[in-house]
Amino acid sequence: MRKHDRKRWQPFTSYLKWGFGLLVVCLFLGSIVIGELTFAGPRLDLENRVPLGSGRERTIRQLRFAVATMYSPANIFLQHRKIVEHLAELLEMDGVLIIRSDYENTRLDLQQADVDAALVCPGIYALLYSDPRVEILAMPELLSDVTYRCDIIVSAKSPYYHLTDLEGDRFAYTDRESATGFVLPRAMLRQLGYTPDSFFSQTMLTGSHDLSVRAVTNGYADGAAVSSMVLRSLYRQQPRLESQLRIVASSATFAAPPVLVPASLSPSLKRKLQQALLTMHETPHGQQLLADFGIARFLLPEARAYEPMVKVYRDAGLLVPNVPAQ
Amino acid sequence: MKYLRNVTLQTIISWLAIAVVVGFFLSITLSAGWWLARSSREDLVIRARSLANSLAVDAVEPVLLDDAYAAYNVLQRSSLADKEIRYAFIMLQERRIIAHTFDSGFPRELLQYCLTHDEPLMQYRTRDDYILDVAVPVLDGELGHLHLGMSQKRVLHQQRYFSMAMLLVLGTLLAASLLVAQLISWHIGQPLVELATVARRVPGGNLRPSEVPATGTAEIRQLSLAFQQMVTDLRRLKAENLSAQKRMVSAERLATLGEMSAGLAHEILNPLDGIMECCRQLEPHMPAESRQARYVQLIHDGLRRIERVMRQMLVFARAPGKTPDISDCALHDLISDMIELTRPRLERYGIQLDAETSLANRCRCARPLVEQALLNLLLNAADACGESAERRICIWGMVRDEWVDIHVEDSGSGIAEADRERVFRPFFSSKDPGKGTGLGLTVSRDLIEQNGGELVLERSGSRLSGAHFRISLPLSLDTDERSHRS
């Protein structure tokens, strides 16, 4: 390159150099600014870790109240939490709602005294009827228009009008220990001369009555056995549901779900809890909470009221004398 | 603007290009980078919330059943669903963590941060990542919140890739724009500098038009061509100026000669009057038909001719600027006198003079001035005939409307078409150097215009082939004729 050409190019290369320098600086600054502005936040060390405890340490101030999964866990939580909190408030304790995956685990909680009290299906009480580890604390008196029985439901659009129409079809049970969801419909079939195990082509255990209703409305089952109390509660929550379902058969009425306690529960707590249940309807708030479940009030228990249910369980061969502790 | 005085065009264009390109792309990079980071982050948040909500629904039952392992299984699915999920955990309403996906315990600082910042969207940095913590309620918040920690590395990398891509594009465009700026400055600035260098040589007078550079853009080329034309014109004007200077000197000498001639004529006329008087006194005393009487008559005729010539010289040398004395003048007398004055010279050169002087019309003019102009035309015609074979001059008069025209035409080579416009300019002469002053026609036209007339160069070929001039003078009308015309 000649000297003249070098002189010609010199300013150009100088500007180019400065231009690129300026550009790089600006872009880096821009990137940093954008990065800092967009991803700003404190710096945390995720490597310094500590073990977490179970957090389930029981304190004497806790009232651990279990509810059997007559409803799905979420519904139990949303609907029964207020009753538990109300009772705990009356007892000046911290209410803890205990929900188990099935009826059996709730029954075991009672037998093992892992809970202080439990609202359970009458079928569980029937199973624990002769168990000395469990006592009945209170029984509900239902509202005048409410009964406790098993209703066999089908879709309103289905061609089923009798329980026998469901022969060879799909059927949803609730839980093997549920009275209205398992034992009573099978007893009804037996009374009709059918063998429950072979009557339906396919059966399923949904775990709760509301899920059995959903199985029918969603078409996963042609029929289901549900508690009339749960069905009433669902109708109140979803008025359109009543037009979607049809009850093709119902069992006889039985005593409603009782409140059981472990026999080992401290007498003072047992007494206070019973007193709280029996007087719950005396306050408007308590009365409203009970009315949501179709309950007028809690009464002192009468063991004889549940004998029809015990008989059904016994006829079904479900009762074994002196149920062993687990 | 004074700061730009010493800045070159190249510098200005280069910096303008840098400023425009960098400014434009920097703003785009910043705004687009911001937008990209923001939209990517929003996408991340939407994705995280969607997944977290799905997990929260599945986690309800394990939480309600207090089944930590089932809750862990639900959370563990998140890591399979999205690779950008760094962790998941469920914090219950009572600020207890029921399940999480960390190994070997839960991060202490994260626990503290979540306990003190109960917000649905949090972000923080770790040693090697930027984490976006999205919290969604479990069972409408009744049970607590499910937290998902999303890595923002991909977003950050996207933003950095974008910046780098923009850097490359910008660098390329900057180089291209600087190159264009350089080319523009070369094609505009450099030719201008070269033109300025050449222009400095103009006062020296040694610049030839071909030396003016004619490069660059069309505008610069036009400027160069105009500059070339200017140099050419300057060279021509300079040559004409030199020629005019020479003619000025000659004219000055002729003017001086004229004054001397006037003085000389005056000095000659005074004794001439006496001599002529002597001749008149001698004439009656000479015997008739004698040899002496014939000699006296010849002397007297010669003296009269000398007197007439001298008086013409006096008239010709009369000082200009004097208000002309306009009077009626017979066209015939005017032309005859001029013929008589110039005939000896024309005869000496062998030039035939054809004159038509039969018109009896009169014109309004200052006779001496018109005579001088007519004399100039005749002398020019005589000079023009010098080289022609025919050697002939025609002079004739004619009446045109209210004008009396005197035409003078010669048999010379005529006046070139290119010189027709310049023929009346001062010091323009087609004669050989030293022969003409270049003032004759200029002075003649001036003299005629002082008489209210005009001197015009006519097209050749009416009678002869040479130059054809026309003097137009106002026609003098009798009182009766004027009233008749009006």
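Residues numbered from 1 in each chain as written. Chains lettered and ligands numbered in written order. Predicted model: local features only at pLDDT ≥ 70, side-chain atom pairs only at ≥ 80, totals over all residues.

The subject of this paragraph is the overall build of chain B. From N to C terminus, chain B includes ten helices and 13 strands. Looking at chain B as a whole, 30% of its 486 residues are labelled buried. For chain B, long-range pairs separated by at least 24 residues make up 66% of all intrachain contacts whose partners lie at least 6 apart in sequence. (Helix = DSSP H or I, 4+ residues; strand = E, 2+ residues; numbered from the N terminus. Buried ≥ 20, exposed ≤ 12 C-beta atoms within 10 Å, placed from the backbone. Contact = placed C-beta atoms within 7 Å.)

Moving on: the confidence of the model for chain A. On average, residues of chain A score 86 in pLDDT, and 84% of them reach the 70 mark or higher. Note on residues 322-326 of chain A: pLDDT is under 50 here. Beyond four places in sequence and across chains, it has seven contacts. (pLDDT = per-residue confidence, 0-100.)

Residue and element names in this part refer to chain A. The interhelical angle for the contact between helix H2 (residues 73-90) and helix H11 (residues 284-291), taken along N-to-C directions, is 150°, at an axis separation of 10 Å. The way H2 lies across H11 gives a crossing that is left-handed. Counting all contacts with H2, which are made through Lys82, Ile83 and His86, the residues of H11 involved are His285, Gly286 and Leu289. Counted by class, the contact of H2 with H11 contains two nonpolar, three polar and one charged residues. (Axes fitted to C-alpha atoms, helices over the stretch in contact; angles between N-to-C directions. Left-handed = near helix turned anticlockwise from the far one by under 90°. Nonpolar A, V, L, I, M, F, W, Y, C, P; charged D, E, K, R; others polar.)

What follows deals with unusual backbone geometry. All names here are of chain B. The residue Arg95 is not glycine, and still its phi comes out positive at about 65°. Taking the number of C-beta atoms within 10 Å as the measure of exposure, Arg95 has 12 and is therefore exposed. Phi at Ser104 is positive, roughly 60°, even though this residue is not glycine. In this structure, Ser104 sits in the loop between strand S2 (97-100) and strand S3 (106-107). Residue classification places Ser104 among the exposed residues on the basis of 8 C-beta atoms within 10 Å.

Residue and element names in this part refer to chain A. Taken together, the five strands give an open sheet; going across it, the order is S8-S7-S9-S6-S10, and neighbouring strands pair in mixed fashion. Each edge of the open sheet carries a strand with a single partner, namely strand S8 (202-205) and strand S10 (245-250). The mean inter-strand angle of the sheet, taken between neighbouring strand axes irrespective of direction, is 30°. Inspection of the sheet shows strand S6 (residues 150-155) paired to strand S9 (residues 223-227) by five bridges, in the antiparallel sense. Note on S9: the bridge partner recorded for Asp151 is Val226. Docked against the sheet, helix H5 (residues 179-191) engages S6, strand S7 (170-173), S9 and S10, running at close to 115° with respect to S9. This element, helix H7 (residues 209-217), spans S6, S7, S8, S9 and S10 of the sheet and lies at about 155° to S9. (Pairing = 2+ DSSP bridges.)

The biggest cluster of nonpolar side chains holds 126 residues, and the ones touching the most others in it are Phe65(A), Ala118(A), Leu260(A), Ala59(B), Ile90(B) and Leu146(B). Counting residues per element, this core draws most heavily on helix H1 (residues 9-64) of chain B, at ten residues. Leaving out residues up to four positions away in the same chain, Leu146(B) has contacts with Ala52(B), Leu55(B), Ala56(B), Ala59(B), Ala88(B), Ile90(B), Ala135(B), Val136(B) and Val138(B). Counting 33 residues, the second largest nonpolar core, distinct from the first, contains Cys329(B), Met338(B), Ile393(B) and Cys394(B). (Core = buried A, V, L, I, M, F, W, Y, C linked by C-beta atoms within 7 Å.)

Okay, the sheet that holds strand S3 (residues 94-99) of chain A next. Sheet strands line up and pair through hydrogen bonds in the backbone, either parallel or antiparallel. Residue and element names in this part refer to chain A. Strands sit in the order S3-S2-S4-S11-S5-S12 across an open sheet of six strands; the sheet is mixed. The sheet terminates laterally at S3 and strand S12 (295-299), the two strands that pair on one side only. Each neighbouring strand pair of the sheet contributes to a mean axis angle of 25°, computed without reference to strand direction.

Moving on: the environment of Arg343(B). Considering the arrangement of structural elements, one finds Arg343(B) in helix H7 (residues 331-348). With ten residues separating them along the chain, Arg343(B) and Leu353(B) place their C-alpha atoms 7.8 Å apart.

Turning our eyes to something else, we now look at helix H9 (residues 440-450) of chain B. Residue and element names in this part refer to chain B. All of the buried residues in H9 are Gly440, Leu441, Ser444, Arg445, Leu447 and Ile448. Within H9, the buried residues cover an arc of 160° as seen down the axis, which keeps them to one side. Looking at the buried positions of H9, the neighbouring elements they touch are helix H8 (367-385), strand S12 (454-458) and strand S13 (468-476). Just downstream of H9, Gly452 is the residue with a positive phi angle, here 80°. (Arc of directions from axis to C-beta.)

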